[in-house]
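# Structure at a glance
Now for the letters of each chain:
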Amino acid sequence: AAGVIQSPRHLIKEKRETATLKCYPIPRHDTVYWYQQGPGQDPQFLISFYEKMQSDKGSIPDRFSAQQFSDYHSELNMSSLELGDSALYFCASSLRFSSGSPYEQYFGPGTRLTVT
Amino acid sequence: AQTVTQSQPEMSVQEAETVTLSCTYDTSESDYYLFWYKQPPSRQMILVIRQEAYKQQNATENRFSVNFQKAAKSFSLKISDSQLGDAAMYFCAYRRDGSNYKLTFGKGTLLTVNP
């Protein structure tokens, strides 16, 4: 079965640079979530989109922005990178109306961002 | 706001033995979901088991089972016949029922399985 795809898997950037992370949800899934997991930390919710509209927002810095496109893929744009942005960034997707497990979130493998 | 607490930062178990990981949560909602996720060294987040709050029966998935105590807001994970591959970080997570709500995670419990 198709899974959530994230690219790139690893990214190294310098301070003050910009990074773009991409997420391709499971086909037919209409909701995308972004989580940030710092070293030794639990995943923290950043933002989510349903049908290309922002549906919820967590502790996402103003330097970060995200959107969901017409093909349902999502991009997380991060500007003015700081050392503290080094983390594993997960994307998850879900299907709002499902006969099985509605809203079940399926995680991608994550993008490891290192800021030097 | 909902909070999830895992009071055991680390646990260890002998191979083939049973171990229980603890989780408590705080919410004012009556309908919600609880999850246990496994994160091995690969860092992939793997769903282990799910419990719907409206169900009184405890969820079971092969060697994994939960003890869900709604009144006490407790949700523990029992791993039977532990295997070396069970070694991982385990996160307890909460999600409100309805729509597409975020997951709120606990701090995690690092499980070591000794041969």
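Here's what I pulled together on the structure shown here. (Residues numbered from 1 in each chain as written. Chains lettered and ligands numbered in written order. Predicted model: local features only at pLDDT ≥ 70, side-chain atom pairs only at ≥ 80, totals over all residues. Heavy atoms only, no water.)

To continue, consider the overall build of chain A. A tally of helices and strands in chain A yields zero helices and eleven strands. Against the globule reference of 13 Å for 116 residues, chain A gives a C-alpha radius of gyration of 14 Å, in line with a compact fold. Over its C-alpha atoms, taken along the principal directions, chain A stretches across nearly 45 × 25 × 20 Å. Counting the 116 residues in chain A, one finds 48% classified as buried. Residue pairs in contact within chain A that sit at least 24 positions apart in sequence constitute 54% of those at least 6 positions apart. Of the roughly 5,600 Å² of accessible surface on chain A, 49% is carried by carbon and sulfur atoms. Each charge class in chain A was averaged separately, 11 positive and 12 negative side chains, and the resulting centres sit 3 Å apart. (Helix = DSSP H or I, 4+ residues; strand = E, 2+ residues; numbered from the N terminus. Rg over C-alpha atoms; globule rule 2.2 N^0.38 Å. Buried < 20%, exposed > 50% of the residue type's maximum accessible area, 1.4 Å probe, protein only. Contact = heavy atoms within 4.5 Å. Areas by Shrake-Rupley, 256 points an atom, 1.4 Å probe, with all protein chains shown as cover. Lys, Arg positive; Asp, Glu negative; His and termini not counted. Charge placed at Lys NZ, Arg CZ, Asp CG, Glu CD.)

Along its length, chain B carries zero helices and twelve strands. The N-to-C order of helical and strand elements in chain B reads β-β-β-β-β-β-β-β-β-β-β-β. The C-alpha radius of gyration computed for chain B amounts to 14 Å, which stays within 12% of the reference 13 Å derived for 115 residues, consistent with globular compactness. For chain B, the spread of C-alpha atoms along the principal axes amounts to about 40 × 25 × 20 Å. Counting across all 115 residues of chain B, residues that qualify as buried make up 46%. Once local pairs closer than 6 in sequence are excluded, the contacts in chain B between residues at least 24 apart make up 55%. For chain B, the accessible surface area stands at approximately 5,600 Å², while carbon and sulfur atoms represent 45% of it.

Moving on: the environment of glutamine 67 of chain A. Residue and element names in this part refer to chain A. Here glutamine 67 shows up in strand β7 (residues 64–68). Among the residues examined, glutamine 67 registers a relative accessible area of 39% and is labelled partly exposed. Linking glutamine 67 and glutamine 36, residues 31 residues apart in sequence, is a C-alpha distance of 16 Å. In this structure glutamine 67 touches Phe49, His73, Ser74 and Glu75, once residues within four positions along its chain are discounted.

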